[in-house]
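Commentary on secondary and tertiary structure
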Amino acid sequence: MLRPKIMFAAIAGVGVTALSALGGDVVVTTPSADAFCRQSVPTRSYGAAGGLCVAGTSSVNGSGAARGRFDTMIKFPTADTKAAFDAVYGAGNWRLATAKLTLSEIDQPVNAIFPRGVGEFDIFWFSNDNWTEGPGTPNSSVTGTGTMITWSYLSAIAPGAVQQSLGRFQNQGVFDLQTFTLTPTAGLAADVEGGTVVSLRLSPVTSTLGFTFHSRNYGNPDQHPHLALTAMPRLPGDMNCDGLLNNFDIDPFVLALTDPESYGTEYPGCSLLIGDMNLDGAFNNFDIDLFVECIVNGCRN
Ligand SMILES: [Ca+2]
Ligand SMILES: [Ca+2]
Ligand SMILES: [Ca+2]
């Protein structure tokens, strides 16, 4: 089994020219729906508000008035995300690597409906996508009907939904963007890899938390929530894309490294990036050692 090492040593010796970085692509998706709901007014719907909020039971606004608990739901479509990663890696040859949610905090919201306060909150992947944001606003809320998010509707669908924790986070009490690195759980990964809708639920941990941030309905799109996703090869080193990593991947790996154009012709459903063994977003000589190790000793991941 020493042959691969010898072969790659010879390839490295001929001085393969630098290959351009192909991966590490970040694909951003923005919400198709978002809405908060309030425990104290369980049938009211505020889905067209410019703000969203997650707040604890003891939250207060800028005047010290009790606001109570708020939860927020955000829905992200990922069909375009899937298409983008399919284009980079070949259809089905990738999996979700990282997910980061960015929210634009409003530390001193003007509308008195919103509380203020720093604390902890949880972000959950929420399996039920059967909800809508509705047309209500803080100054003109509506009685929620059908699938509009209200405290009552969320409470009704939550027991039948799977909720996977994507992490516990804290707001900063500033007027600025904040990015939260989410754990790519099975549910979140399946949604993104399937190109379906991702629903997130934000729930309070700290009773005095009052985290208010801009919604998708806010005027400036730069302040809207967004989810930044990256992918990695589903099976790094599977250069012939047959779902297995073995000796039959050696020749295509060498071809990809030395003659990417011919590789593309011979393996049209694959991608050079499947050879990104060290997951740095590029396929080049630095991936050789790990590939050889995987072939000879088996991969660590
Ligand atoms: Ca909304
Ligand atoms: Ca293979
Ligand atoms: Ca690499």
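Now for a quick tour of the structure. Predicted, not measured: the structure shown is a model, and the values here were computed from it.

Another aspect to go through is the overall build of the chain. A tally of helices and strands in the chain yields seven helices and 13 strands. Burial analysis of the chain (301 residues in total) assigns 49% to the buried set. Restricting to contacts in the chain with at least 6 residues of sequence separation, those with at least 24 account for 80%. Put simply, the chain shows about 13000 Å² of open surface, and 53% of that area lies on carbon and sulfur atoms. For the chain, the distance from the average position of its 16 positive side-chain charges to the average position of its 27 negative side-chain charges is 13 Å.

In the first shell of the calcium ion (ligand 1), the protein supplies Asp-34 (O), Asp-34 (OD), Gly-47 (O), Glu-133 (OE) and Asn-217 (OD1), at 2.2 to 2.5 Å from the metal. Along the chain, the residues donating to the calcium ion (ligand 1) are arranged with the sequence spacing D-x12-G-x85-E-x83-N. One end of the pair, Asp-34, is in strand S2 (residues 33-38); the other, Gly-47, is in the loop between strand S3 (44-45) and strand S4 (51-55), and 13 residues separate them in sequence. For Asp-34, a relative accessible area of 0% translates into the label buried.

Time to look at the packing of aromatic side chains. To describe a pair of aromatic rings, one takes the distance between the centres and the angle between the planes. Counted according to the given criterion, the structure contains 13 aromatic pairs. A ring pair is formed by Phe-36 and Tyr-46, whose centres lie 4.8 Å apart and whose planes are at 15°; its orientation type is stacked. Taken together, the residues Phe-36 in strand S2 and Tyr-46 in the loop between S3 and S4 connect sequence positions ten residues apart. Of the two residues, Phe-36 and Tyr-46, both sit in the buried class. Between Phe-121 and Phe-180, the aromatic rings sit 5.4 Å apart at their centres with planes inclined by 90°, giving edge-to-face as the arrangement. Of this pair, Phe-121 sits in strand S7 (residues 120-126) while Phe-180 sits in strand S10 (residues 177-182), and the two are 59 residues apart along the sequence.

Okay, the coordination of the calcium ion (ligand 3) next. Note on the calcium ion (ligand 3): its protein donors are Asp-276 (OD), Asn-278 (OD1), Asp-280 (OD), Ala-282 (O), Asp-287 (OD) and Asp-287 (OD). The metal-donor distances range over 2.2 to 2.6 Å. Given six donor atoms and angles of 51 to 162° at the metal, the environment of the calcium ion (ligand 3) is assigned as irregular. Counting along the primary sequence, the residues that act as donors to the calcium ion (ligand 3) give the motif D-x1-N-x1-D-x1-A-x4-D. Given a relative accessible area of 31%, Asn-278 falls into the partly exposed group.

With that out of the way, let us pick up the sheet that holds strand S1 (residues 27-29). Hydrogen bonds between backbone atoms are what pair the strands of a sheet, whose relative direction is either parallel or antiparallel. On the basis of which strands lie adjacent, the open sheet formed by four strands has the order S1-S13-S6-S10 and antiparallel pairing. Two strands lie at the open edges of the sheet, namely S1 and S10, each paired on one side alone. For this sheet the average axis-to-axis angle between neighbouring strands, irrespective of direction, equals 25°. With six bridges connecting them, strand S6 (residues 94-104) and S10 associate as antiparallel partners.

Roughly 170 Å³ of internal volume is contained in the largest pocket. Considering the residues around the largest pocket, the lining is formed by 13 residues, among which Gly-51, Ile-106, Pro-109, Val-110 and Phe-114 are closest to the centre. Taken together, the residues of the lining of the largest pocket sort by class into seven nonpolar, six polar and no charged.

Time to look at the pattern of salt bridges. Two side chains of opposite charge can pair, provided their charged atoms sit close to one another. Inspection of every chain in the model, using the stated rule, returns six salt bridges. In this structure, Arg-201 engages Asp-71 in a salt bridge whose closest nitrogen and oxygen atoms are separated by 2.9 Å. Of the two residues, Arg-201 is situated in strand S11 (residues 197-204) and Asp-71 in strand S5 (residues 70-77); the sequence distance between them amounts to 130 residues. As far as burial versus exposure is concerned, Arg-201 and Asp-71 are alike and both buried. Salt bridges linked by common partners bring Arg-69, Asp-71 and Arg-201 together as one network.

If you look at the biggest cluster of nonpolar residues, it comprises 32 residues, and the most contacted ones within it are Phe-121, Ile-123, Leu-182, Leu-200 and Leu-202. Top contributing element to this core by residue count: S6, with five residues. Not counting residues up to four positions away in its chain, the partners in contact with Leu-182 are Ala-99, Leu-101, Ile-123, Leu-166, Phe-169, Leu-200 and Leu-227. Of all hydrophobic cores here, the second largest spans 19 residues; its members include Val-254, Tyr-267, Ile-288 and Ile-295.

Next up on the list: unusual backbone geometry. Backbone geometry places Cys-241, a non-glycine residue, at a positive phi of 55°. Secondary-structure assignment places Cys-241 in the loop between strand S13 (226-233) and helix H5 (250-258). Accessibility expressed as a relative area gives 25% for Cys-241, which makes it partly exposed. In this structure, Leu-279 takes a positive phi of about 55° despite not being glycine. With respect to the helices and strands, Leu-279 occurs in the loop between helix H6 (260-266) and helix H7 (288-297).

Calculation notes
Position numbers for residues count from 1 along each chain, tracking the sequence in the order it is written. Both sets of labels track the order of writing: A upward for chains, 1 upward for ligands. In keeping with the model being predicted, local features are shown solely for residues with a pLDDT of at least 70 and side-chain atom pairs are shown and tallied solely at 80 or more, while totals for entire chains, interfaces and linings include all residues. The basis for every side-chain value is the complete set of non-hydrogen atoms in the structure, without hydrogens or water. Only DSSP runs of H or I reaching four residues or more are called helices, and only runs of E reaching two or more are called strands; each is numbered from the N terminus. Burial status follows relative accessibility: with a 1.4 Å probe on protein chains alone, a residue under 20% of its type maximum counts as buried, one over 50% as exposed, and anything between as partly exposed. Any two residues having at least one pair of non-hydrogen atoms within 4.5 Å are treated as being in contact. Areas reported as accessible are Shrake-Rupley estimates using a 1.4 Å probe. Residue values count occlusion only from the protein chains shown. Asp and Glu are treated as the negative residues and Lys and Arg as the positive ones, with His and the ends of the chain left uncounted. Taken as the charge location is NZ of Lys, CZ of Arg, CG of Asp or CD of Glu. Water is not among the atoms examined, so metal sites may look incomplete; donors are the N, O and S atoms within 2.8 Å of the metal, or within 3.2 Å for Na, K and Ca. Stacked, edge-to-face and tilted are the three classes for Phe, Tyr and Trp ring pairs, Trp counted by its six-membered ring, which pair at centre distances within 6.5 Å; planes under 30 degrees apart are stacked, over 60 edge-to-face, the rest tilted. Irregular is the label for any site that misses the other tests, which are tetrahedral for four donors with all angles between 85 and 135 degrees, and square planar for four donors or octahedral for six when opposite donors exceed 155 degrees and the remaining angles lie between 65 and 115. Note: two strands are recorded as paired if DSSP finds a minimum of 2 bridges between them. With axes taken as lines fitted to C-alpha atoms, and helix axes fitted only over the stretch in contact, angles between N-to-C directions fall between 0 and 180 degrees. Residues are called lining when one of their atoms sits within 4 Å of a cavity or pocket point, these points coming from a 1 Å grid over the protein atoms alone, where a cavity is a set in which a 1.4 Å probe fits but cannot get out and a pocket is an open set with protein on both sides within 12 Å along at least five of seven lines. Grid points are joined across faces, edges and corners, and a volume is the space filled by probe spheres set on the points. When residues are grouped by polarity, Ala, Val, Leu, Ile, Met, Phe, Trp, Tyr, Cys and Pro land in nonpolar, Asp, Glu, Lys and Arg in charged, and all others, Gly among them, in polar. Salt bridge, as used here, is a side-chain nitrogen of Lys or Arg placed within 4 Å of a carboxyl oxygen of Asp or Glu. By nonpolar core is meant a set of buried Ala, Val, Leu, Ile, Met, Phe, Trp, Tyr and Cys residues that side-chain atoms within 4.5 Å join together.

So yeah, pure geometry; function would need other evidence.
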